[in-house]
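Chain residues, written in single-letter form:
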Amino acid sequence: MRAAHLTAPGRFRLARRDAELYSVQITSAGAAGRIVVETGEGREVFRQPSTFTGSFWLSGYCEGGIVVILHAPDEYTAPHVTINWREQTREMA
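None of these values were measured; they are calculated from a predicted model.

**Structural notes on the overall build of the protein**
Per the secondary structure count, the protein includes zero helices and eight strands. On C-alpha atoms alone, the protein measures out to a radius of gyration of 13 Å, which is about the 12 Å that the 2.2 N^0.38 rule sets for 93 residues. With the C-alpha coordinates aligned to their principal axes, the bounding extent of the protein is approximately 40 × 20 × 20 Å. In the protein, which comprises 93 residues, the share counted as buried stands at 39%. Sequence-distant contacts in the protein: of pairs separated by 6 or more residues, those separated by 24 or more amount to 77%. In the protein, 10 side chains carry a positive charge and 10 a negative one; their mean positions are 2 Å apart.

Right under this line is the structure:
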């Protein structure tokens, strides 16, 4: 299990190998923003058009990795988001 906590707008590649998107947790809603999670191949697996605090348990397969796009006007109004995923390590492969 791996996790990343994102607090600024941008596009973040969290995994490069096939992975399972486990959960998305919005820990701070911010003033404005939205979240999109895509596979490394560009297929959308999660979209939250407005952010409010809460947890979303997903278990979605992501071929080619996980990319998170956090939209917000600036870093001061961006929501804080924790993404959890499962990814096979080289030792397990």
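**Description of the sheet that holds strand S7 (residues 66-71)**
Pairing is antiparallel in the open sheet, where four strands are placed in the order S2-S7-S4-S5. Two strands bound the open sheet, and with one partner strand each, they are strand S2 (10-15) and strand S5 (44-48). Shown here is a sheet whose adjacent strand axes are inclined to one another by a mean of 15°, direction ignored. Across four bridges, strand S4 (residues 34-39) lies against S5 in antiparallel orientation. What sits directly across from valine 36, in S5, is arginine 47.

**Brief notes about the sheet that holds strand S6 (residues 54-62)**
Overall, antiparallel pairing links the four strands, which are arranged S1-S8-S3-S6 in an open sheet. The open sheet has two edge strands with one neighbour each: strand S1 (2-6) and S6. This sheet shows a mean twist of 20° between the axes of neighbouring strands, independent of strand direction. Inspection of the sheet shows strand S3 (residues 19-28) paired to S6 by seven bridges, in the antiparallel sense. Bridge assignment links serine 23 to a residue of S6, and that residue is tryptophan 57.

**A short note on the pairing of S3**
Side chains on a regular strand alternate between the two faces of the sheet. Two elements, S3 and strand S8 (residues 80-87), share eight bridges in a ladder whose sense is antiparallel. Across the sheet, the residue bridging to serine 23 is asparagine 84, located in S8.

The rules behind the values
Residues numbered from 1 in each chain as written. Predicted model: local features only at pLDDT ≥ 70, side-chain atom pairs only at ≥ 80, totals over all residues. Heavy atoms only, no water. Helix = DSSP H or I, 4+ residues; strand = E, 2+ residues; numbered from the N terminus. Rg over C-alpha atoms; globule rule 2.2 N^0.38 Å. Buried < 20%, exposed > 50% of the residue type's maximum accessible area, 1.4 Å probe, protein only. Contact = heavy atoms within 4.5 Å. Lys, Arg positive; Asp, Glu negative; His and termini not counted. Charge placed at Lys NZ, Arg CZ, Asp CG, Glu CD. Pairing = 2+ DSSP bridges. Axes fitted to C-alpha atoms, helices over the stretch in contact; angles between N-to-C directions.

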